[in-house]
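# Coordinates in review
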Amino acid sequence: MTANQTLILNVDDNDGARYAKTRILQSAGFRVMEAANGTDALAMVREEDPALVLLDVKLPDINGIEVCRRIKDDPATNCVLVLQTSAALTNRADRIRGLEGGADNYLAAPIEADELIANVNALLRMRQTQDELRESEERFRQLTDNIEDVFWMFSAPDGVLAYVSPAYATIFGRSTDSLRKEHGSWLEAVHAEDRARLAGRWAALASQPHYDEEFRLQLPDGVTRWVRDRVFAVRNVRGDVYRVARVTSDISARKEMEALLRAADANKNQFLATLAHELRNPLSPIRNAATLLGIAGENASERQAHAREVILRQVDHLAHLVDDLLDVARISEGKIVLRREEVNLGAVVAQAIETAGPLIAARQHQLDVQQPDGQVWVAGDPVRLAQSMGNLLHNAAKFTPKGGQIRLEVKVDGDHVRIAVTDNGIGIDADSLPRIFGMFAQAAVPPDRAPEGLGIGLSLVSRLLEMHGGQLRAESPGIGMGSTFTVELPVLRVTGAAADQAARQAAAAPAGGLRVLLVDDNIDAMEMMGFLLAEMGHEAWTTHDASQIVRLALEHQPQVMVLDIGLPGADGYELARMIKAHPELKHTRLVAHTGYGSPEDRRKAQEAGFDAHLVKPAELDDLEKALRG
């Protein structure tokens, strides 16, 4: 604050003395206003806000000591500096009385010009320091009042509360007024299991004025909240601890995330162990069956037939595992696209029962199916819906002891249909229910039963149903008391009695075999498929050499060509384009037979000219349909 910016109020009823002091102050560069009595002085202080009042003690209406007291008692003016002067009241007692009345300094007349200016400047420097301190304190208060953390300040070593920010009420669930009345009452909000530890740390602050602790708060509404509490010492210029600062942060979200990460890590470890188990299980019977195929002797044909059945069954199991894993990956990346159409729910249920039927029969369960008389139509992907229902029936059969009861009930309720699959199997405990649809989650099972499956089936079903605008719910009274999984889907319409069953059967395959050229770099796979095609009544030629395709095709004129896309030294997509561009081969049906089965792979195959796309290992029915078109 420079002198020419500083306003001083000069109050004196003596015109000559007032004039002399004004001239001295103006010569030093100050702006000066004048008042001749206390009443005017008080009004001008409120209206003009001078930095300093040069106040004579003897005034005609109100004496200077009273004027000073009123200035200092008014919150709007108490920061104004008061320099009292007197020519009559100059003894020690007068000066003491003036200072005790609130004056910032007291000068006895006569006052030399340099002495007056020196005193004024000294007081203004003091005011500037006070202003800077107040501004600093205000910035500090605004900061602490607006942060989400609780900021505390305690005196040391007695631990008396000097300040607490408003966030205390939000985080601790208690009023700041109650804390100011009882400085240690915050401990009552600490969880009973953590309170003794925190009380001990707080009691040791005199010798250890710092700590970093995490503990729980028990709020009045019963909610538990995690906080991080940091305490550190505030030292003066001599290095002595005179205050203790404290910051308390709500870390509940972080703790919850840590718990979720721990659970996810545990699920991942369990999933990897289960995956290894599920993948190894089919390998043993496949290896043994393959060995049996090579053993001659009595009853060899019977053993080989049984071995083939084992291999087919176990390969189906492996393919199912791979399909589930790929579906999970596609859903996670948002790459699954539903082929929506109007779907007869009865046909979906029938397909699901057909899928789970072998396991239900093998475990000797009794299946009770209850459906409405009319047809229920929904919008969705029939394959994905049948997959979802089949998964629920499969789980019910798998987790129900032999000879159990399974019930599938379809009910229409307004504009929704509910499909409930109920069993009397092992059930689900209350702790597992909230996470049963989580990825890789395995429900708790009795110790005499190992977990089965990868723990992704229910998550997959739940996500697929959500994509259909539906939902999946799980209920169970507890372990050993069975469970119910309920699917809810929007209904398009409900029509009359079911149409003739024969009309809904797939058209029978046309009679007569086809001429097929099979191209695959995996010679074992190619030969086995060649044998299967022959058994299916087709005439097949095979090659693993991409350079021979056109020659063989022109020589044998196949009706269908089955191409592996990943051929060594050749691009299956380019081969397809080349064949379709050939004038003598352009009408040949092309079937892609590949390990790549994503929607993007199917799109690329279609763009290259393939008429059908099969994912290895293909089912015989799917192969036949792809060949016929």
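Conventions and cut-offs
- Residues numbered from 1 in each chain as written.
- Predicted model: local features only at pLDDT ≥ 70, side-chain atom pairs only at ≥ 80, totals over all residues.
- Heavy atoms only, no water.
- Helix = DSSP H or I, 4+ residues; strand = E, 2+ residues; numbered from the N terminus.
- Contact = heavy atoms within 4.5 Å.
- Areas by Shrake-Rupley, 256 points an atom, 1.4 Å probe, with all protein chains shown as cover.
- Salt bridge = Lys/Arg side-chain N within 4 Å of Asp/Glu carboxyl O.
- Buried < 20%, exposed > 50% of the residue type's maximum accessible area, 1.4 Å probe, protein only.
- Pairing = 2+ DSSP bridges.
- Axes fitted to C-alpha atoms, helices over the stretch in contact; angles between N-to-C directions.
- Patch = residues over 30% accessible without salt bridge, like charges linked within 9 Å, V, L, I, M, F, W, Y side chains within 5 Å.
- Phe/Tyr/Trp six-rings, centres within 6.5 Å; stacked < 30°, edge-to-face > 60°.
- Lys NZ or Arg CZ within 6 Å of the ring centre and 35° of its normal.
- Core = buried A, V, L, I, M, F, W, Y, C linked by side-chain atoms within 4.5 Å.
- Polar contact = N/O pair within 3.5 Å; in protein donor to acceptor, adjacent residues only side chain to side chain.
- Arc of directions from axis to C-beta.
- Right-handed = clockwise from strand over helix to strand, strands pointing away.

Looking now at the overall build of the chain. When its secondary structure is counted, the chain shows 19 helices and 23 strands. Taking the contacts inside the chain whose residues are at least 6 apart along the sequence as the reference set, 60% of them involve residues at least 24 apart. Of the roughly 33500 Å² that the chain leaves accessible, carbon and sulfur atoms contribute 52%.

On inspection of all chains with the given rule, the structure shows 37 salt bridges. Lys-255 is the salt-bridge partner of Glu-214, the closest N and O atoms lying 3.0 Å from each other. Here Glu-214 is found in strand 8 (residues 211-218), whereas its partner Lys-255 is found in helix 9 (residues 252-293), with 41 residues between them in sequence. Of the residues examined, Glu-214 reaches a relative accessible area of 27% and is grouped as partly exposed. We note a salt bridge from Glu-258 to Arg-254, for which the minimum N-O separation is 3.0 Å. Taken together, the positions of Glu-258 and Arg-254, both in helix 9 and four residues apart, correspond to about one turn of that helix. The exposure class assigned to Glu-258 is partly exposed, which follows from its relative accessible area of 26%. On the basis of relative accessibility, which here comes to 34%, the residue Arg-254 falls in the partly exposed class. Ionic contacts of the salt-bridge type, sharing partners, join the residues Glu-193, Asp-194, Arg-197, Arg-201, Glu-213 and Arg-216 into one network.

So, on to the sheet that holds strand 7 (residues 161-164). Judged by pairing direction, the sheet is antiparallel, and its five strands sit side by side in the order 7-6-10-9-8 without closing on themselves. The open sheet has two edge strands with one neighbour each: strand 7 and strand 8. Across the sheet, the axes of successive neighbouring strands diverge by a mean angle of 20 degrees, strand direction being ignored. Pairing between strand 9 (residues 224-235) and strand 10 (residues 241-250): nine bridges, direction antiparallel. Residue pairing in the sheet places Asp-229 in a bridge with Thr-248 of strand 10.

Within the element layout of this structure, Val-516 appears in strand 19 (residues 515-519). Owing to a relative accessible area of 0%, Val-516 belongs among the buried residues under this scheme. Put simply, Val-516 and Val-562 are 46 residues apart on the chain and 7.3 Å apart in space, counted from C-alpha to C-alpha. Each residue touching Val-516, except ones within four places of it in the same chain, is listed here: Leu-533, His-538, Glu-539, Ala-540, Trp-541, Pro-558, Val-560, Val-562 and Leu-627.

Below, the discussion takes up a nonpolar patch on the surface. Taken together, the side chains of Met-257, Leu-260 and Leu-261 define a hydrophobic patch exposed on the protein surface, amounting to about 310 Å² of accessible area. Relative to the helices and strands, Met-257 is located in helix 9. A relative accessible area of 45% places Met-257 in the partly exposed class.

Take the packing of aromatic side chains next. Tallied over the entire structure, the rule returns eight aromatic pairs. Plain terms: the ring middles of Trp-152 and Phe-154 are 5.8 Å apart, the flat faces sit at 20 degrees to each other, and that makes the pair stacked. For Trp-152, a relative accessible area of 0% translates into the label buried. In this structure, Arg-246 packs its charged tip against the face of Trp-202, placed 4.9 Å from the ring centre.

Here the focus is the nonpolar core. Residues Leu-392, Val-417, Ile-419, Leu-472, Val-487 and Leu-489 are the most contacted members of the largest nonpolar core, which totals 33 residues. At the level of elements, helix 11 (345-362), strand 13 (374-380), helix 12 (382-398), strand 14 (405-413), strand 15 (416-423), helix 13 (457-467), strand 16 (471-475) and strand 17 (483-490) are the ones that each hand at least two residues to this core. With seven residues, helix 12 is the largest single contributor of residues to this core. If we skip the residues at most four places from it in the chain, Leu-472 touches Leu-392, Phe-437, Leu-458, Val-461, Ser-462, Leu-465, Phe-485, Thr-486 and Val-487. Core analysis: the next-biggest nonpolar cluster, separate from the first, contains 24 residues, Val-150, Leu-161, Phe-172 and Leu-187 among them.

This next bit is on the environment of Arg-225. Within the element layout of this structure, Arg-225 appears in strand 9. In this structure, the C-alpha to C-alpha distance between Arg-225 and Val-190, residues 35 residues apart in sequence, is 9.4 Å. Sequence-distant contacts of Arg-225, that is, excluding residues within four places in its chain, are made with Thr-170, Ile-171, Phe-172, Phe-215, Arg-216, Leu-217, Leu-219, Asp-250 and Ser-252. Within the local environment of Arg-225, its side chain forms a polar contact with the backbone oxygen of Thr-170, the two atoms lying 2.9 Å apart. At 2.6 Å, the side chain of Arg-225 and the backbone oxygen of Ile-171 are in polar contact.

What follows deals with helix 17 (residues 572-581). Among the residues of helix 17, those classed as buried are Gly-572, Tyr-573, Leu-575, Ala-576 and Ile-579. End-on view of helix 17: buried residues confined to an arc of 160 degrees, all on one side of the axis. Looking at the buried positions of helix 17, the neighbouring elements they touch are helix 16 (549-556), strand 21 (560-563), strand 22 (589-594) and helix 18 (599-608). With a side-chain oxygen lying 2.8 Å from the backbone nitrogen of Tyr-573, the N-terminal cap of helix 17 falls on Asp-571.

Each regular strand displays side chains that alternate between the two surfaces of the sheet. Of the pairings in the sheet, the one linking strand 19 to strand 20 (residues 539-543) comprises five bridges and is parallel in character. Residue pairing in the sheet places Leu-517 in a bridge with Trp-541 of strand 20. Read from strand 19 through helix 15 (residues 523-535) to strand 20, the crossover connection turns out right-handed.

This part takes up the side chain of Asn-119. Along the chain, Asn-119 falls in helix 5 (residues 113-145). Classification of Asn-119 by relative accessible area gives buried; the value is 15%. A polar contact of 2.6 Å, which involves the side chain of Asn-119, links it to the side chain of Asn-105. If we skip the residues at most four places from it in the chain, Asn-119 touches Leu-83, Asn-105 and Leu-107.

The next point concerns the pairing of strand 10. Where strand 6 (residues 150-155) meets strand 10, six bridges bridge the pair, whose relative direction is antiparallel. Along strand 10, the bridge assignment pairs Ser-155 with Arg-243. The antiparallel pairing of strand 9 with strand 10 creates a hairpin that spans five residues between the two strands, and Gly-239 there sits at a positive phi of about 90 degrees.

Let's shift gears to the sheet that holds strand 12 (residues 366-370). Here five strands make up an open sheet; going across it, the order is 12-14-15-17-16 and the pairing mixed. Looking at the sheet topology across the chains shown, the edges are occupied by strand 12 and strand 16. The mean angle between the axes of side-by-side strands here comes to 15 degrees, regardless of whether they run parallel or antiparallel. Of the pairings in the sheet, the one linking strand 16 to strand 17 comprises five bridges and is antiparallel in character. Within the sheet, the bridge partner assigned to Gln-471 lies in strand 17 and is Glu-488. Against the sheet, helix 11 contacts strand 12, strand 14 and strand 15, and its axis sits at roughly 170 degrees relative to strand 14.

Function-wise, these values are silent; they only describe arrangement.
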